[in-house]
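# Tertiary structure, described
Residues per chain, in single letters:
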Amino acid sequence: MFKKYRLKRILTRLVAWRIANVSEKNFIYILSLVVGLLSGLAALILKRSIHFVAEELTSYINVEGFQYLYLFFPMFGILLTVLFIRYVIKDDIGHGVSKILYAISRKSSRLKPHKMYSSMVASSLTIGFGGSVGAEAPIVLTGASIGSNLASLFKLRYKYITLMVGCGAAGAIAGIFNAPMAGIVFTLEVLMIDLNMAFLIPLLISSVTATVLSYFFMGDAVLLKFPQVAPFDISTIWIFLLIGVFTGFLGLYFTRATLYFESKFKGIQNWLLRLLAGGFILGILVYLFPPLWGEGYTSISTVFMNHGPDLLNSSLFESWKDNPYVLLLVLAAILIFKVLAMSATTGGGGNGGIFAPTLFAGAMAGYFVVKLLNTVFGIGVAENNFALAGMAGMMAAVMHAPLTGIFLTAEITGGYGMFIPLLITSTVAYVTIMAFEPHSIYTKRLARTGELITHHKDKAVLRSMEVKKLIENDFERLTPDDTLRDLVKAISKSNRNLFPVVDNEGYLKGMIKLSKIKNLIFEPDLYDEVKVKDLMFMPEFYISSHDSMETVAEKFETSNRYNLAVIDDGKYLGFISRAMVFSNYRKTLEYFSHD
C-alpha cells in the first residue's frame, strides 16, 4: 500500500513537472514517439509469439501429407484462449477494432490496462494453434490501449487521449506490415480520427517510428512482400472492374454471414458447448481445406508466386491439383467457408480479427476470378497482379476502407506501379457494397445498438454531456395550497417565468407559466381567493435525469419548448433549458475540437 501511494506521488510530481516545463505540443510529439516504439515492439512480440507457437506445432505435423491433427489443434488453441480469458483476464477482449470504436464513443477513449497485453496472449494461442483469424485487430487494440493508458497516465484531455489511441493503432499496423502510410490511413479511415495538421504529425511520428523499429529487427521479413509486379496493361482494366464488383458482393456476404454466424454461436449459452461447436467446425474445415489454417498469409504468398495449385497440398484434393476445374471448385469452397471458419474461431471463444481473413479472401477472390477467365476463355493474363487487386477490393468492401486497401497493397509491393488498378478495384468494390450495406463490419455491431458515434461528431458531443449537470434549480417553488398572493411574492423574487408546484414530499403537482396568469397580478381582490392549484397545469413534455442528451435534444425539437421539467419517479428535480444545453454543447464541442 505504501509503495502504491509513493508511486502515485512520484507520478503526480512528474505530471506537474511536465506541465511546468514541457509545452503540451512538444509533449504530444514525445508521447507519440513513445507510443510508436511501444506499439511497434508489441507488433514484433505478437508476430514472434504466433510464429513460435505455430513452429512448435508444425514440428509434430508432416506438412507433406494429410494430417488428422488438423482436427484437434485448433480446438485446443481455442480452449487455452477461453481458459486464459475466463480465469485470468475475466473480461471480454473480442473484436478489437469495435472495442476501440466503442471506447472512443462511450468511454472517453479510455481502454482498460489489461488490453495492453491480454489480446496479444489470447491471439497468439488462438492463431498459433490454427485459428482462422488475424492478429492485426488484437495488435491494433494493444497499440491503442498503450496510447490510451499513457495519455490517461499523464492526465491529458479527451482529444489527446483519442489522438494517442490513433497513434497506437497507426503504429501497430505500420509495425506489422512495414507500411507507415497504411497505418496512418487506417487510423483516419477506420477509427475516424480527424485529419488536420495538429493530429497528422503525431500519427506520422508513431507510424514511422514503428516502421523503423520493425525494419531494424525484421528487415524485409514482414507478413507480406510482393516486389515482382508485372506492368499494368490498360487492356486488362475490365478485369479489375470485374474484380471490384465481385469483391464488393463477396464483402457483402462476408459481413452479413459473419454477423449471422456470430449470433448463432452467441445463442449457445453454455461456454463449453460453444467451444466444442466452434472447435469441431473449425477442425473439420481446416481438415478439408488446409489453407483455412491460421492467418492465411502463407496461402497468399503461394498465390503471389503463381503457385496457386499448391493450395491443394496436404488436402483430400492434392491428387487433382493439376486439374484447373477442381482448383476452381476448391477456391470457391474456400471463399464460402472462410467466413464460417473465422466465425467458428471467435464464436467458440478464440481471439483474433477480420483483417487477415479479409486480405486472404481478397487474394483468393482475385486469383479465382482470373483463374476462371484463363481456364474458360483462355485470356492468358498473369494471375498474381489480380490477387493483389482482390485484396484491395475486399478491404474496401468489408472494412469500408478503400484508401487503406490501396495504400497497404501498394506498400506491400514496394512501390506504386499498381496504383491505378488498385484505385479502380477499391472504388468499384466500395461503391458496390455501399449500395447494400452502409456500415462496415467494424461499425455494424455498434450501429445496431446505437453506440456508433465516432462517425458522427454531433452525437459524440451530446453523449459526453450529462443531464444531471445541466439541471437548473433557481426556480421559486410553490405548493398547491398557496394563494395567488404567494405566487405574486414568488414572481417578485424570481428571474424566471416558470414556477414549479410541488407537495411536501417533493412530488411535482404541476407548474405555472407567468404568461398565462399575468392579468391576475393586477387583481389584488383575488390574491387570497385564488389558489395555486386552480392555476397550475401538468407539463406535456418532461424528461428524466437518466435520459440521454440525444433524447433531450429530440424533446426540445419536437416540443418547441425552451424549458423542460426534470422529473424522476414523479419527484421534481429542476428544469433544463434550451439555452443551457446550447451553451454547454458549444463548450463541449470546443473541448472535442483540435487546436
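The structure displayed is predicted, hence computed values, not measured ones. (Residues numbered from 1 in each chain as written. Predicted model: local features only at pLDDT ≥ 70, side-chain atom pairs only at ≥ 80, totals over all residues. Heavy atoms only, no water.)

## So, the environment of Val501
One can find Val501 in strand E1 (residues 498-502). Residue Val501 is classed as buried on the basis of its relative accessible area of 0%. Ignoring anything within four residues of it in the chain, the contact list for Val501 reads Leu478, Thr479, Pro480, Tyr507, Leu508, Lys509, Gly510, Met511, Ile512, Val532 and Met536. (Helix = DSSP H or I, 4+ residues; strand = E, 2+ residues; numbered from the N terminus. Buried < 20%, exposed > 50% of the residue type's maximum accessible area, 1.4 Å probe, protein only. Contact = heavy atoms within 4.5 Å.)

## Let's talk about the confidence of the model for the chain
With 88% of its residues at a pLDDT of at least 70, the chain reaches an overall mean of 84. Ranking the helices and strands of the chain by mean pLDDT puts helix H13 (residues 324-347) first, with 95, and helix H19 (residues 457-464) last, with 60. (pLDDT = per-residue confidence, 0-100.)

## Examining the nonpolar core
Among the nonpolar cores identified, the biggest contains 126 residues, and Val97, Phe177, Phe355, Leu359, Met364, Leu408 and Tyr442 are the most heavily contacted of them. The contact partners of Val97, leaving out residues within four places of it in the chain, are Ala137, Val140, Phe186, Val190, Leu191 and Tyr442. Membership of the second largest hydrophobic core comes to 14 residues, among which are Leu478, Val501, Ile517 and Leu535. (Core = buried A, V, L, I, M, F, W, Y, C linked by side-chain atoms within 4.5 Å.)

## Considering the sheet that holds strand E4 (residues 563-568)
The mixed open sheet is built from 3 strands, whose spatial order is E3-E4-E5. The outermost strands of the open sheet, each flanked by one partner alone, are strand E3 (542-543) and strand E5 (571-577). As judged from the 2 bridges shared by E3 and E4, these two strands associate in the parallel manner. Note on E4: the bridge partner recorded for Tyr542 is Ala565. The sheet contacts of helix H22 (residues 549-559) involve E3, E4 and E5, and relative to E4 the element is tilted by about 130 degrees. (Pairing = 2+ DSSP bridges. Axes fitted to C-alpha atoms, helices over the stretch in contact; angles between N-to-C directions.)

## Quick notes on unusual backbone geometry
Its identity is not glycine, yet Lys155 carries a phi of approximately 60 degrees, on the positive side. Within the element layout of this structure, Lys155 appears in the loop between helix H6 (136-153) and helix H7 (158-177). Given the relative accessible area of 61%, Lys155 is considered exposed. With phi around 55 degrees, Asp569 is a residue other than glycine that occupies positive phi space. With respect to the helices, strands and loops of the structure, Asp569 is situated in the loop between E4 and E5.

## Focus on the environment of Val431
If you trace the backbone, Val431 turns up in helix H17 (residues 419-434). Taking relative accessible area as the criterion, Val431 reaches 52% and is therefore assigned exposed. Residues Val431 and Val245 lie 186 residues apart in sequence; the distance between their C-alpha atoms is 8.7 Å.

## So, the pairing of strand E2 (residues 508-513)
The pairing of E1 with E2 spans 5 bridges and is classified as antiparallel. Paired with Phe499 across the two strands is Ile512, which belongs to E2. From the end of E1 to the start of E2, which pair antiparallel, there are 5 residues, and Gly506 there has a positive phi angle of about 90 degrees.

## Some thoughts on the pattern of salt bridges
Tallying each qualifying case throughout the model produces 11 salt bridges. Among the ionic pairs, Arg485 bridges to Asp528, the shortest N-O distance being 3.0 Å. With Arg485 in helix H20 (residues 484-493) and Asp528 in the loop between helix H21 (514-517) and E3, this pair connects stretches of sequence that are 43 residues apart. Among the residues examined, Arg485 registers a relative accessible area of 32% and is labelled partly exposed. Among the residues examined, Asp528 registers a relative accessible area of 47% and is labelled partly exposed. Residues participating in the shared-partner salt-bridge network are Glu472, Asp474 and Arg496. (Salt bridge = Lys/Arg side-chain N within 4 Å of Asp/Glu carboxyl O.)

## With respect to H7
With 20 residues, H7 should cover 28 Å at 1.5 Å per step; its first-to-last C-alpha distance of 29 Å lies within 8% of that length. Counting buried positions along H7 gives 20 out of 20 residues, so the element sits mostly inside the fold. (Expected span 1.5 Å × (residues − 1).)

## A few points about a nonpolar patch on the surface
Together, Trp238, Leu241, Leu242, Tyr325, Leu372, Val376, Phe377 and Ile379 make up a nonpolar patch on the protein surface, roughly 750 Å² of accessible area in all. Secondary-structure assignment places Phe377 in helix H14 (residues 355-377). On the basis of relative accessibility, which here comes to 61%, the residue Phe377 falls in the exposed class. (Patch = residues over 30% accessible without salt bridge, like charges linked within 9 Å, V, L, I, M, F, W, Y side chains within 5 Å. Areas by Shrake-Rupley, 256 points an atom, 1.4 Å probe, with all protein chains shown as cover.)

## Structural notes on helix H3 (residues 73-89)
Compared with an ideal rise of 1.5 Å per residue, which puts 17 residues at 24 Å, H3 spans 23 Å between its outermost C-alpha atoms and is within 8% of the ideal. Listing the buried residues of H3 in full gives Phe73, Pro74, Gly77, Ile78, Thr81, Val82, Phe84, Ile85 and Ile89. Backbone geometry just after H3 places Lys90 at a positive phi near 55 degrees.

## A word on the packing of aromatic side chains
A full pass over the atoms with the stated rule returns 16 aromatic pairs. The interplanar angle of 65 degrees and the centroid separation of 5.1 Å between the aromatic rings of Phe27 and Phe154 together place this pair among those described as edge-to-face. Placement of the pair is Phe27 in helix H2 (residues 24-58) and Phe154 in the loop between H6 and H7, with a sequence separation of 127 residues. Residues Phe27 and Phe154 agree in their burial class; the two are buried. Geometrically, the ring pair formed by Tyr260 and Phe261 is edge-to-face, given 5.6 Å between the ring centres and 65 degrees between the ring planes. Among the residues examined, Tyr260 registers a relative accessible area of 47% and is labelled partly exposed. Connected via pairs of aromatic rings, a cluster forms that spans Phe177, Phe186, Tyr297 and Phe355. It is Lys338 that lies over the ring of Phe360; its NZ or CZ is 4.8 Å from the centre. The lysine or arginine in question, Arg578, covers the ring of Tyr562, its NZ or CZ lying 5.4 Å from the ring centre. (Phe/Tyr/Trp six-rings, centres within 6.5 Å; stacked < 30°, edge-to-face > 60°. Lys NZ or Arg CZ within 6 Å of the ring centre and 35° of its normal.)

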